[in-house]
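What the coordinates show
Here's the letter readout for the chains.
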Amino acid sequence: MFPVRSKSCNSFIQDGFNLTGTMNRTQRCANVALVALLAGVAANALSGQSAPIRGFPADALADRVAFEDRIRSTPDTALLREYMLAMTEEPHHAGAPGSRAVAEYALAKFREWGLDAQIEEFEAYMPLPISRRVELLSPVRYVARLEEPVIPEDKDSGDQNQLPTYNAYSADGDVTGELVYVNYGLPEDYERLEELGIDVRGKIVIAKYGRSWRGIKPKVAAEHGAIACLMYSDPRDDGFFTGDPYPEGPMRPKFGAQRGSVMDMPTHPGDPLTPGWGAVRGGRKLDPSEAKTLMTIPVLPLGWGDALPLLEALGGPVAPNDDWKGALPITYHVGPGPARVRVALDFDWANRTLYNVTVRIPGAVDEEQLVIHGNHHDAWVNGAADPTSGAVALMETARSLAVALESGWRPRRTIIFALWDGEEWGLLGSTEWAEHHRETLDDQAVTYFNSDSYAAGWFGGGGSHTLKTFVEQVARDIKDPRTKMSALDAALQRRLEGMHSASDSARAREEGFQLNALGSGSDYTVFIDHLTIASVNLGHGGAQSTGVYHSTYDSYDFYTKYSDPGFRYGVAQAAAFGVAVTRMADAPLLPFSFRDAAAAFATYRAEIQELADDELGNGHLVLGAVQAAVQRLAAAGHAFDTAYDDVISHGSDWLQQRTRDLRTINREIFQTERDLTLSDGLPRREWFRHSIYAPGFYTGYGVKTMPGIREAVEQGDHAEATAEAANVAFAIDRMAQRVEGIVRQLHSLLNQ
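Quick summary incoming for the structure in this document.

The rules behind the values
- Numbers given for residues are sequential positions, taken from 1 along each chain in its written order.
- Owing to the predicted nature of the model, reporting of local features is limited to residues with pLDDT of at least 70; listing and counting of side-chain atom pairs is limited to 80 or more, with chain, interface and lining totals taken over all residues.
- Note that the side-chain values use all heavy atoms of the structure and ignore hydrogens as well as water.
- Put simply, DSSP H or I for four residues or longer makes a helix, DSSP E for two residues or longer makes a strand, and each gets a number counted from the N terminus.
- Relative accessibility under 20% of the residue-type maximum defines a buried residue, over 50% an exposed one, and the middle range a partly exposed one, all with a 1.4 Å probe and only protein chains included.
- The method behind every accessible area is Shrake-Rupley, applied with a 1.4 Å probe, and residues are considered shielded solely by the protein chains displayed.
- By the counting rule applied here, Lys and Arg register as positive and Asp and Glu as negative, while His and the ends of each chain are not counted.
- We put the charge of a Lys on NZ, of an Arg on CZ, of an Asp on CG and of a Glu on CD.
- Here, two residues are considered to be in contact whenever any of their heavy atoms come within 4.5 Å of each other.
- A pairing counts as a salt bridge when a side-chain nitrogen of Lys or Arg comes within 4 Å of a carboxyl oxygen of Asp or Glu.
- Exposure above 30% relative accessible area and no salt bridge define the residues that can form patches, which grow by joining like charges within 9 Å and nonpolar side chains of Val, Leu, Ile, Met, Phe, Trp and Tyr within 5 Å.
- We call two strands paired when DSSP finds no fewer than two bridges between them.
- Note on terminology: a nonpolar core comprises buried Ala, Val, Leu, Ile, Met, Phe, Trp, Tyr and Cys residues joined through side-chain atoms within 4.5 Å.
- For cavity detection a 1 Å grid was placed over the protein atoms alone, and a set of points counts as a cavity when a 1.4 Å probe fits there but cannot get out; an open set counts as a pocket when protein lies on both sides within 12 Å along at least five of seven lines, with lining residues being those that have an atom within 4 Å of a point.
- Grid points are joined across faces, edges and corners, and a volume is the space filled by probe spheres set on the points.
- All residues other than Ala, Val, Leu, Ile, Met, Phe, Trp, Tyr, Cys, Pro, Asp, Glu, Lys and Arg, Gly among them, are scored as polar; the first ten of these are nonpolar and the last four charged.
- Within 6.5 Å between ring centres, the rings of Phe, Tyr and Trp (the latter by its six-membered ring) count as paired, and their orientation is classed by plane angle as stacked under 30 degrees, edge-to-face over 60, tilted in between.
- By definition, being over a ring means that NZ of Lys or CZ of Arg is both within 6 Å of the ring centre and within 35 degrees of the ring normal.

**Some thoughts on the overall build of the protein**
Check the secondary structure of the protein and you find 24 helices and 16 strands. The principal-axis extents of the C-alpha atoms in the protein amount to approximately 85 × 65 × 60 Å. Every one of the 752 residues in the protein was classed for burial, and the buried ones make up 64%. Accessible surface for the protein amounts to roughly 25,500 Å². Of this, 49% is attributable to carbon and sulfur atoms. When the 71 positive and 100 negative side-chain charges of the protein are each reduced to one mean point, those points stand 2 Å apart.

Okay, here's the thing in structure tokens:
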């Protein structure tokens, strides 16, 4: 679901350095010199590493480096290619036999490697298309083909049992109305239409894909009274305007269409009929009429080849500015009419089975503490990039750990690998699994590591800011496949290439690694946003613009030609997660950092205060309690680091003798993320319970930090903003109190 491959190299959203822009030759030369110096540092760090690893004593570093060298060297490009070829051979959307076949293939591989693996079945309400029709009735007649042509150069483009182009959770319906072009279909676009005197009530709207998650577009359209929503891929965004269309190049061809869910996931993801509890066969379910996340109007995606006749038939005002104009050879008019369109959709609504594959590697010391790594396995069609690239990398990570097990290694904590089903429909498999295992996860889950898809590019990600230093050190200690420097320094080099001045470059170097905040869009959502488990979403990507996202052409042939031809980045992906997962599983003292969290929270508070002053007026919202809580957390984080370093400095033998005490302390450390829970959830969407991170109500995937306060300010609701500020301050203060307690426990340990 996470569209890494659709991003240009200058806007890769997972990159921890937010890479943008260009620079002149003098700046580039200066930065190349800096990077050459950094590369030397990285080389030392990656061989005979002497840099500290948070959570491990100095006397353990040599063995740790040797172990991680083995973990990094185990992933095999030939095996990644083998798994991908097998898993993408046939379409495998959730709820179909192909998805079960992929799950069983992965299960057999895990068991072949000696791992304890199983399939856990859940079910979800999942509509499949029966019939789809879009036709232009006047001023001329055109019937949309709604089909992606076979490409001879792509062996999978003509496979049987492909899921047709459609949007899951669209409403059924047969409606006819005048057409209105609404740009990207976002709230601000409707404000512009209102300025033009255009009302979409009773109309069918057509919107460009992009700028926001697809489900926001029909949601906003329905709120404004539209009776149906069509979405198309304009070639300005991911087609011939950017590069040659597939197969001559990597961009979306004329009739390539983006499938995808339009479930109202900012309300809650997962099975629409079991919000908050696991969807097991025979279990409690809502009546569909009670579901809050089903779309209320018909919705369908189009390739630009089908959209062109509809847009060409529009009259009315010319599109108001260049942002509204795409790359089609027409004058973009807004309407309404004279184009009159019929949209007729019919779906088979049923509960269908999900197949989650899970692997358990028991911990040798703290078996009840769980470190989880997941990626989904279901696709809209063959899904080579999304999700099979990430799935096969996870499998190689698991195989690397299986090889280590054979040589005698045992993780300190239990490691769980998961390949989720139904992610594309609305994070179904991961959400139902986590809701079903809620009590165990709340008590025992240390962290959740997520991947989705990867491609050639740079390593980066987002997640809980208690894990910022941890992720930065992982990036420091893995290699970038292209430059052979550390992934951390390769990302810095990339960021410096986008700097416009020496001062920008200096600021970028001073800021260092940036861990983005998480909203939604992949399987981490239930873990961080609902269960408030510390989570990170990591991966490589951003080097190549592509335009086959959620289409028939996301295939093995495409992936091996454009995305990662030699699977070098697949090896890097598997190695990165091997290092990250085993560090978290093996560290005697969990590598969290509360100063990092406090620094991020302070930034969010300052942003919201500035926003409030602009929206509500200076002094109308005072965030002093939030600021005080953040300052308390920063002080507690500083004291924690001091005591933490003192404990680690006593060495491996001393730590081993205090295993029982460390087990208790570590549990307190990972429970700190739970302190950020909102007991009643966010206003009007109680499923989202994290006080710091959530997707925005109208951003879909995009994060809103301190969302309760921020969205209330954006809505101009002073009373709600004040109440939410109190909730956030209480949550951060609760985390600070727990950290202070941990510091006392560490001091007690030192005094034994």
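Still to come is the rest of the account.
**Section: the side chain of E724**
Residue placement: E724 occurs in helix α24 (residues 718-750). Not counting residues up to four positions away in its chain, the partners in contact with E724 are P683, G708 and I709.

**Focus on the pattern of salt bridges**
Within this structure, the stated rule accounts for 47 salt bridges. Here E607 makes a salt bridge to R710, at a shortest N to O gap of 3.0 Å. Of the two residues, E607 sits in helix α19 (residues 594-615) while R710 sits in helix α23 (residues 707-714), which places them 103 residues apart along the sequence. R710 gets classed as buried once you look at its relative accessible area, which sits at 11%. Linking R684 and E720 is a salt bridge whose minimum nitrogen-to-oxygen distance equals 2.8 Å. Placement of R684 in the loop between α22 (659-671) and β15 (693-695) and of E720 in helix α24 is noted, with a sequence separation of 36 residues between them. By relative accessible area, which is 16% here, E720 ends up buried.

**Some points on a positive patch on the surface**
The grouping of K479, R482, K484 and R568 at the surface amounts to a positive patch. Note that K484 resides in the loop between α13 (468-476) and α14 (487-497). Looking at K484, the relative accessible area reads 54%, which means it is exposed.

**Brief notes about the pairing of strand β1 (residues 116-138)**
Where β1 lies against strand β9 (residues 340-361), 21 bridges are found, and the strand directions are antiparallel. Each bridged residue has a counterpart across the sheet, and for I119 the counterpart in β9 is V357. Pairing of β1 with strand β2 (residues 142-143), which is carried by two bridges, proceeds in the antiparallel orientation. In the sheet register, L136 faces β2, and the bridge partner there is Y142.

**Describing α13**
Judged by how many residues are buried, α13 sits mostly within the fold: eight of nine residues are covered. Of all the positions in α13, only K468, T469, F470, V471, Q473, V474, A475 and R476 are classed as buried.

**Notes on the nonpolar core**
F110, F601 and I732 are the most contacted members of the largest nonpolar core, which totals 213 residues. Per element, the largest residue contribution to this core is 13 residues, and it comes from α24. Sequence-distant contacts of F110, that is, excluding residues within four places in its chain, are made with L115, A117, V357, V359, L394, M395, A398 and L419. Core analysis: the next-biggest nonpolar cluster, separate from the first, contains six residues, I151, Y246, V548 and F558 among them.

**A few points about the pairing of β9**
Pairing between strand β4 (residues 173-181) and β9: six bridges, direction antiparallel. The residue of β9 that forms the bridge with E178 is R340. Across five bridges, the pairing between β9 and strand β11 (residues 413-420) is antiparallel. In the sheet register, V357 faces β11, and the bridge partner there is L419.

**Overview of empty space enclosed by the protein**
The tally for this structure, following the rule as stated, stands at four cavities of 30 Å³ or more. By volume, the second largest cavity amounts to about 40 Å³. As for the second largest cavity, its lining consists of L146, E147, E148, T165, F255, A257, P301, L302, G303 and D306. In terms of residue class, the lining of the second largest cavity is made up of five nonpolar, two polar and three charged.

**Points about the packing of aromatic side chains**
Counted under the stated rule, the structure contains 30 aromatic pairs. Here the aromatic rings of Y169 and W349 are separated by 6.4 Å at their centres, their planes lie at 50 degrees, and the arrangement is tilted. Residue Y169 is found in the loop between β3 (167-168) and β4, and its partner W349 is found in strand β9; the two are separated by 180 residues along the sequence. Classification of Y169 by relative accessible area gives buried; the value is 0%. Seen from their ring centres, Y246 and F558 are 5.0 Å apart, and the 70 degrees between their planes marks the pair as edge-to-face. Of the two residues, Y246 sits in the loop between α7 (235-238) and β7 (260-261) while F558 sits in helix α17 (residues 556-563), which places them 312 residues apart along the sequence. With respect to burial, Y246 and F558 carry one shared label: buried. In this arrangement the basic side chain of K219 is found over the ring face of F697, its NZ or CZ atom lying 3.4 Å from the centre. The positively charged end of R685 is found above the aromatic ring belonging to F688, 5.4 Å away from the centroid.

**Overview of the layout of surface pockets**
In this structure, the second largest pocket occupies an estimated 640 Å³ of space. Lining the second largest pocket are 24 residues, with F56, A60, R64, D586 and P588 positioned closest to its centre. Contributing elements (two or more residues each) for the lining of the second largest pocket: α2 (61-73), α21 (652-656) and α22. Considering every element that reaches the lining of the second largest pocket, the biggest residue donor is α2, with four residues. Grouping the constituent residues of the lining of the second largest pocket by class yields 12 nonpolar, five polar and seven charged.

**Structural notes on the environment of D366**
The topology assignment puts D366 in strand β10 (residues 366-376). Residue D366 is classed as buried on the basis of its relative accessible area of 0%. Sequence separation between D366 and L401 is 35 residues, and the spatial gap between their C-alpha atoms is 18 Å. Setting aside its immediate chain neighbours within four residues, D366 contacts R412, R413, T414 and R663.

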